[in-house]
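# Understanding the architecture of this molecule
Listed below are the residues making up each chain.
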Amino acid sequence: MDSRVIPFAALLLLPALAFAQDSSSKTNATPFRRGQWAAQFQAGTAFGSLGFIKFRSPTHALVLDVHVGGAHSEDVTTDSSGANRLRGLNSNASAQVRFGWRRYSGDGTAAKVVSHYSLGALAGFFHSASRFPTGSQQANGWVAGAFGDIGGTYLVTSKFGIGALASASLSYQNGVTKASSGSRSRDWSIGGSALSASLIATLYF
């Protein structure tokens with residue numbers, strides 16, 4: 001088994017253990033209500049996302065996050081005649097969906113600060129392409145795994161909150177790379193991401 005699996009699995013369990021201990025020591029209540037919706041916007045060093053929250057009770061909710069990323073770069077040189085020549089280009093794109101269950105914790109229905117953690121599953125795909133004077137290649141693949149996050153939100157108003165979120169994930173990735181020469185290769189990996197911090201803004205409806 002990949003040696004990285006054990007520490008990442010432990011990271012995913014930490015939020016549940018911390019909140020289970022906290023919720024047993026005090027009465028838990030939040031300003032939210034059953035059936036309420038919210039939209040969450042996330043921006044950080046690792047990714048940005050748009051998420052939707054559906055409250056099943058004042059302290060429990062379903063969370064759906066969509067993460068989209070991509071980049072494109074070109075290497076262009078100018079020869080002695082002044083003509084531009086493309087030496088190579090690289091582009092990549094990825095999309096990922098995360099679905100999970102979130103638990104909120106607060107000091108009462110008038111609380112201005114609420115803490116929360118989420119546990120769930122993730123799935124997505126990726127694509128990359130490169131071209132050089134001697135040929136080109138492209139890779140396509142998919143990823144699946146689990147994630148966990150823990151954070152807190154300050155309710156500026158009853159309809160708007162700002163906060164921070166720390167997230168970790170463990171995933172399996174499988175992809176196929178094809179070259180213009182006709183060669184084809186398949187590779188897979190098990191890995192994940194350590195705790196990455198993000199800023200979040202949430203609109204409640």
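Our structure is the block above this text.
Residues numbered from 1 in each chain as written. Predicted model: local features only at pLDDT ≥ 70, side-chain atom pairs only at ≥ 80, totals over all residues. Heavy atoms only, no water.

### Brief notes about the overall build of the chain
Note the threshold: Strands are runs of DSSP state E lasting at least two residues, helices are runs of H or I lasting at least four, and both sets are numbered from the N terminus onward. Three exposure classes are used, based on accessible area relative to the maximum for each residue type with a 1.4 Å probe and protein chains only: buried under 20%, partly exposed in between, and exposed over 50%. It only takes one pair of heavy atoms within 4.5 Å for two residues to be counted as in contact. Computed with a 1.4 Å probe, the accessible areas rest on the Shrake-Rupley method; for each residue, only the protein chains presented here act as cover.
Within the chain, the regular secondary structure consists of one helix and eight strands. The order of α-helices and β-strands along the chain, N terminus first, is α-β-β-β-β-β-β-β-β. Scored against the burial criterion, the 205 residues of the chain give a buried share of 35%. A separation threshold of at least 6 residues defines the contact pool for the chain, and within that pool the share at least 24 residues apart is 62%. Of the roughly 11500 Å² that the chain leaves accessible, carbon and sulfur atoms contribute 61%.

### Notes on the layout of surface pockets
In plain terms, the rule: Note on definitions: the grid is 1 Å and covers protein atoms alone; a cavity is a set of points where a 1.4 Å probe fits but cannot get out; a pocket is an open set with protein on both sides within 12 Å along at least five of seven lines; lining residues have an atom within 4 Å of a point. Grid points are joined across faces, edges and corners, and a volume is the space filled by probe spheres set on the points. Ten residue types, Ala, Val, Leu, Ile, Met, Phe, Trp, Tyr, Cys and Pro, are classed as nonpolar, four, Asp, Glu, Lys and Arg, as charged, and the remainder, Gly among them, as polar.
In this model, the second largest pocket occupies a volume close to 160 Å³. Lining the second largest pocket are P31, F32, R33, Q36, A110, A111, K112, L155, T157, S158, K159 and Y204. The residue makeup of the lining of the second largest pocket, split by class, is six nonpolar, three polar and three charged.

### So, the environment of V76
Counting through the fold element by element, V76 comes out in strand β3 (residues 60-78). For V76, a relative accessible area of 46% corresponds to the partly exposed category. Taking the C-alpha atoms as reference points, V76 and L89, 13 residues apart in sequence, are found 8.7 Å from one another. Beyond its immediate sequence surroundings of up to four residues, V76 is in contact with N84, R85 and L86.

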